[in-house]
Amino acid sequence: MATLQYPNFPRANVLVLGADSVQALLPSTLISQADALLEAHRLEDAADMADQQRKKLQSVLNSDKFELDELRYVNQRLGFQCFQETLFEDAGNRFYEGELDPRVLISYYPELCGDLFREDDSVDVMAGVAEHMPPECSVDDIIAANLVRNYSPHLEPNTREAPPAVELRNILSMTARDMLESYLRKWRRKLAVENTTPQLQVLRMVVDTVLAKLHVNTEKLPELYALIDQPNAIALPEIETVLVGSRHFNALCKLYQQRGDDAKLLDIWSKLVEGEWKDPDIQDPLTHMFDLLNDKKDRALIQRWMPWLVKNDSERALKMLLATLPSKRKAEDDRLLLQEIKEASPEAGAQLLEHLVIHRRSVDPELHRQLATTYADQLLACIAEESTSKLWRAKVASYTSGRADTPFISYFSSTTPDSEHKRVRLKTVLFLQGSSLYNPDAVRVRLSPHAKLLKLELAILEGKLGNHRSALSILVHDLNDATSAEAYCTLGGEVVPAKTAQAIGERAGLQAWAALVTPLAAPGKQTKPGAAPMKRTKTVDDEVKKDLVMILLEVYMSGGEATADRTAQLLNSQAMNLDVVDVISMIPAEWPLHILSTFVTRSLRRTLHAHHEGQIIKAISQGQNLAVVDSSWDAIREQGAIVEELLEDDEDEDVGEKLGLELGERVQGEPASFNEKVPLHALDLRADDGDDGGDGGVVDINVAPEEDALTTSEPGSEVGSGT
C-alpha cells in the first residue's frame, strides 16, 4: 500500500481581485512541466529539465525534501516511459536517479522472481508514477507490444515469427537483462554502505539473488563467483535449483560452505564422485569430503556417511572413523556400526572388527566370535592359493623331519618370507591362543578339512576345548614339536607361551596381537611396547600340571622307541611332578634300562632326602615338646588335681567315641595320648588306707611302648603324668 504524501504547492506572488473572483499568477511546477513534456513525447526535453533540476539541488547544501521528491518523480516517470518504449539503457539510468525500488523493476522479469515475492508484499510507489507504469506483465510482453506497434503489419507473416523481428526481440531481451544487471549492481553498492535494517536486509536478499540468477543465465561465471565470494544475502532455496539446472555445482558448493550446510554439501560431492553430476571446476570431491568431515569432527555426520565412504575409499574412511570413535561405547553400538560397514564393504568391516577387538580390547563375545570366523575364512583363502599351500606344506615337512629345540610357530615366523599370508596366519594363531571369548568348536569344524596344513591351529583349539590328549598328540606325533608340548603342560593348556608370542609380535610388527597372550608385568616393572593384554598372569595348579605331564608321558610312550629319548628327557625334567611307581608301571618291558636310570636314581635320592628331612624335623619337634612340658610342669603341679564327675556307661561310650581314644589305646601311625576327659573306671583315689579295695591307688598307663607314662608308689598318693 502506497504512503500518502502531500505535494509542495507553488506559491503566487501576484493576486488579481475581481468582482466575484480572485485570480493568481502561478509558476508552473517541475511535475506539471514534466507531465506536459512526457504527454507530448518530448523525452529529451524532459530529461534535460530533470538534469538541470538535479544540478540545481546539488549546488545547494540543504535541499528541500519536496524538491527531491519531485525530482525522483520526474526520473521515475521518464524511466517508465523509456522502459515502455524499449529504451532500456536510458530507462535504467532514470530508474536509478529516481531511486526506484528494485523490486518494482524486478517484477517485470517473472522468470527471475521465483518465490521472492508473496501476494501480500507491497512497495511504496508515487501515485502519478503508478498511473503511468506499463500495464504489461513482463518485459517480454513490452518488447512484443512495441514490435507490434512499430512493425505490424509490415513484417510477414507476423512480428512473432518473422526472422528480423525474432532477432530484434532477442537483442532487446538481452539489452533489458543487461540493464537490469547494471541497475542491480548499482543498488548493491548503494546498499553495502547503508546501515542494516529489516527492510534493507530484505532488499539486499532480493537484489543479490536476482543478480546471481542473471549471472547464471548469462553464463558469467567469474562475476557469479565474485558475487558469492563477497558477503552476500543470496537466498539459497531460490538459487540452488537454478544452479543445479545449469550444472554450476561449484558455485552451489561455495554457497553451502558459507551457510554451513554440511549435509547438502556432502550430498553434492557424493553425486560428483559417483558420476551422477559433473563439474570440471571441482577437482577430487572425495578428498573434499574427507577434509570436511575431519575438520568438523561431527560423529553423527561421520557415521551417517561412513558406509558410503567405505565403498569409495575404505582406507581413509576407516582411518577417520577410528580416530573419531569415543573411548567408551556400548557393545550394541559397535555391533550396529560394524554391520553397516560390512554391508558397504566386507574388507573394511573386517578391519573395523579387528580394530575393535585387538586394539580397543572389546570384551563382547559376539565380536570375538566374528573375528575368529573372519580369521578362519582368511586362513582358508590363503590355503586356496597353490603357492601358499605348497610353502606351508614344505615348512611342516622341514620342521617335522628333524628335531628342533624351537617351537614350530617360532620356526615358521623366522623362516617364512614376509607376506600378507604370513601375517594372516600369525595373527590367527595369536588370536586363537590369546582370546577366550570365541567358540573354539565352531572354528575347529571350519579348519578340520585342512588338518595337515593347520596342525598348530587345531592343537590350540583342542587345548581350548580341554581335549589335552588330542592337543598333545598333534604337537608330538604330527608336528614333532616337543618344546610346545612340554610348554603346554607347564602353562596348563597353552600351546604358544607368552615369551614366544612377544618375540613373534616384535619381529612381525604384531605387538597388539601378541599382547593377547602376554601377561601384565609384575608391579613395579615396565611393560613392553604394545597394546595392553586382555588377562593377567594366571597360575596353574600343581595337580593340573601333574595330570598334563602324565598325559604327555603316555603320548610319548605311545610313539614307541622312536620317542624314547623324548620320554627320558621328559622324565628327567618333570621328575618332581611324576610318581616313580606309576612311571615304572607304564614303561614298556622291552625298553632299555638306561632310559629310566637317571629318573629312578633321582627319584630315590629325592625320596631318601625327604625321609631324612622328616626324621630331622620329627626329632626337633620332640625336643621342643620335651622342653615345653618341662617348663610347664611346675605350673601344672601348683594347680592341683582335676576332679571330674563319673559319667554313665552309655554316655561314657559315646564320649569315648566322640572325644577320641580310650585310656591306653593307640592308633596305627599316631602317637599314644591320654584323654583327660575320660574318667578312670578302675581308679579309686582314697585318702583312707583302710577302705575296701586295698591297694588300688596304683594305676599304670602305657603311653609309649618302652616306658610307663603314669605311676604311683604308694596307695593314696597323687596321680602323676609324664611324657
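The rules we used
- Residues numbered from 1 in each chain as written.
- Predicted model: local features only at pLDDT ≥ 70, side-chain atom pairs only at ≥ 80, totals over all residues.
- Heavy atoms only, no water.
- Helix = DSSP H or I, 4+ residues; strand = E, 2+ residues; numbered from the N terminus.
- Buried < 20%, exposed > 50% of the residue type's maximum accessible area, 1.4 Å probe, protein only.
- Contact = heavy atoms within 4.5 Å.
- Areas by Shrake-Rupley, 256 points an atom, 1.4 Å probe, with all protein chains shown as cover.
- Expected span 1.5 Å × (residues − 1).
- Arc of directions from axis to C-beta.
- Polar contact = N/O pair within 3.5 Å; in protein donor to acceptor, adjacent residues only side chain to side chain.
- Phe/Tyr/Trp six-rings, centres within 6.5 Å; stacked < 30°, edge-to-face > 60°.
- Lys NZ or Arg CZ within 6 Å of the ring centre and 35° of its normal.
- Salt bridge = Lys/Arg side-chain N within 4 Å of Asp/Glu carboxyl O.
- Patch = residues over 30% accessible without salt bridge, like charges linked within 9 Å, V, L, I, M, F, W, Y side chains within 5 Å.
- Axes fitted to C-alpha atoms, helices over the stretch in contact; angles between N-to-C directions.
- Parallel < 35°, antiparallel > 145°, perpendicular 65-115°, else oblique.
- Left-handed = near helix turned anticlockwise from the far one by under 90°.
- Nonpolar A, V, L, I, M, F, W, Y, C, P; charged D, E, K, R; others polar.

This part is about the overall build of the protein. Scanning the protein from N- to C-terminus turns up 34 helices and 2 strands. A buried classification covers 40% of the 723 residues belonging to the protein. Long-range pairs, those at least 24 residues apart, make up 60% of the contacts in the protein with a sequence separation of at least 6. When the accessible surface of the protein is totalled, it reaches about 41,100 Å², and 51% of it is carbon and sulfur.

Okay, helix α8 (residues 139–151) next. Its 13 residues give α8 an end-to-end C-alpha distance of 18 Å, which sits within 8% of 18 Å, the value for a rise of 1.5 Å per residue. Looking at α8, one finds that the buried residues are V139, I142, I143, N146 and L147. Angularly, the buried residues of α8 cover 135° about the axis, an arc narrow enough to put them on a single face.

Turning our attention to the side chain of K427. Tracing the backbone through its elements, the reader meets K427 in helix α23 (residues 420–434). Taking the relative accessible area as the measure of exposure, K427 reaches 7% and is therefore buried. At a separation of 3.1 Å, a polar atom in the side chain of K427 contacts the side chain of E354. Excluding its chain neighbours within four sequence positions, the residues that come into contact with K427 are E354, Y375, L510 and W513.

Think of a pair of aromatic rings as described by two things: how far the centres are apart, and how the planes are tilted against each other in angle. Inspection of the entire model under this criterion finds 13 aromatic pairs. Seen in terms of ring centroids, F80 and F95 are 4.7 Å apart; in terms of plane orientation they differ by 65°. Their pairing is edge-to-face. In this pair, F80 sits in helix α3 (residues 65–84) while F95 sits in helix α4 (residues 88–97), placing the two residues 15 residues apart along the sequence. For F80, a relative accessible area of 1% puts it in the buried group. For F95, a relative accessible area of 0% translates into the label buried. What links up through ring pairs into an aromatic cluster is the set F80, F83, F88, F95, Y108 and Y183. Here the basic side chain of K190 rests over the ring of W187, its NZ or CZ set 4.5 Å away from the ring centre.

Before going further, it helps to spend a moment on the pattern of salt bridges. Across all of its chains, the model carries 31 salt bridges by this definition. Among the ionic pairs, E240 bridges to K264, the shortest N-O distance being 3.8 Å. Separated by 24 residues along the polypeptide, E240 in helix α12 (residues 236–246) and K264 in helix α14 (residues 262–274) bring together distant segments of the chain. The exposure class of E240 is buried, given its relative accessible area of 17%. Notably, a salt bridge pairs E366 with R369, separated by 2.5 Å at the nearest N-O pair.

Located in the positive-phi region is H41, a residue other than glycine, with phi close to 60°. Structurally, H41 can be placed in the loop between α1 (30–39) and α2 (43–58). Accessibility expressed as a relative area gives 45% for H41, which makes it partly exposed. The phi torsion at E99 lies on the positive side, around 55°, for a residue other than glycine. Assignment of secondary structure puts E99 in the loop between α4 and α5 (102–106). Residue classification places E99 among the partly exposed residues on the basis of a relative accessible area of 40%.

A surface patch of nonpolar side chains, amounting to about 280 Å² of accessible area, comprises V14, V16 and L25. Take V16: it is sitting in strand β1 (residues 15–17). Exposure remark for V16: the relative accessible area of 45% places this residue in the partly exposed category.

This part covers the packing of α8 against helix α9 (residues 163–192). The contact between α8 and α9 brings their axes to 10 Å, and the two run at 140°. Between α8 and α9, the angle falls in the class oblique. Here α8 and α9 pass one another in a crossing that is right-handed. On the side of α8, the interface is formed by V139, D140, I143, L147 and Y151, while α9 contributes A165, L168, R169, L172, S173, A176 and R177. Each residue belonging to the contact of α8 with α9 can be placed in one class, and the counts come to 8 nonpolar, 1 polar and 3 charged.

The end-to-end C-alpha separation of α2 is 22 Å, in line with the 22 Å expected for 16 residues at 1.5 Å each. For α2, the set of buried residues is L43, A46, A47, M49, A50, Q53 and L57. The buried residues of α2 occupy an angular sector of 160° when the element is viewed end-on, so they sit on one face. The outward face of α2, more than 90 degrees from its buried face, is lined by the exposed residues E44, Q52, K55 and Q58.

Before going further, it helps to examine the environment of I504. Along the chain, the position of I504 falls in helix α28 (residues 498–508). A relative accessible area of 0% places I504 in the buried class. For the pair formed by I504 and S410, sequence separation is 94 residues and the distance between their alpha carbons is 6.9 Å. Excluding residues that lie within four positions of it along the chain, I504 makes contacts with I409, S410, S413 and L426.

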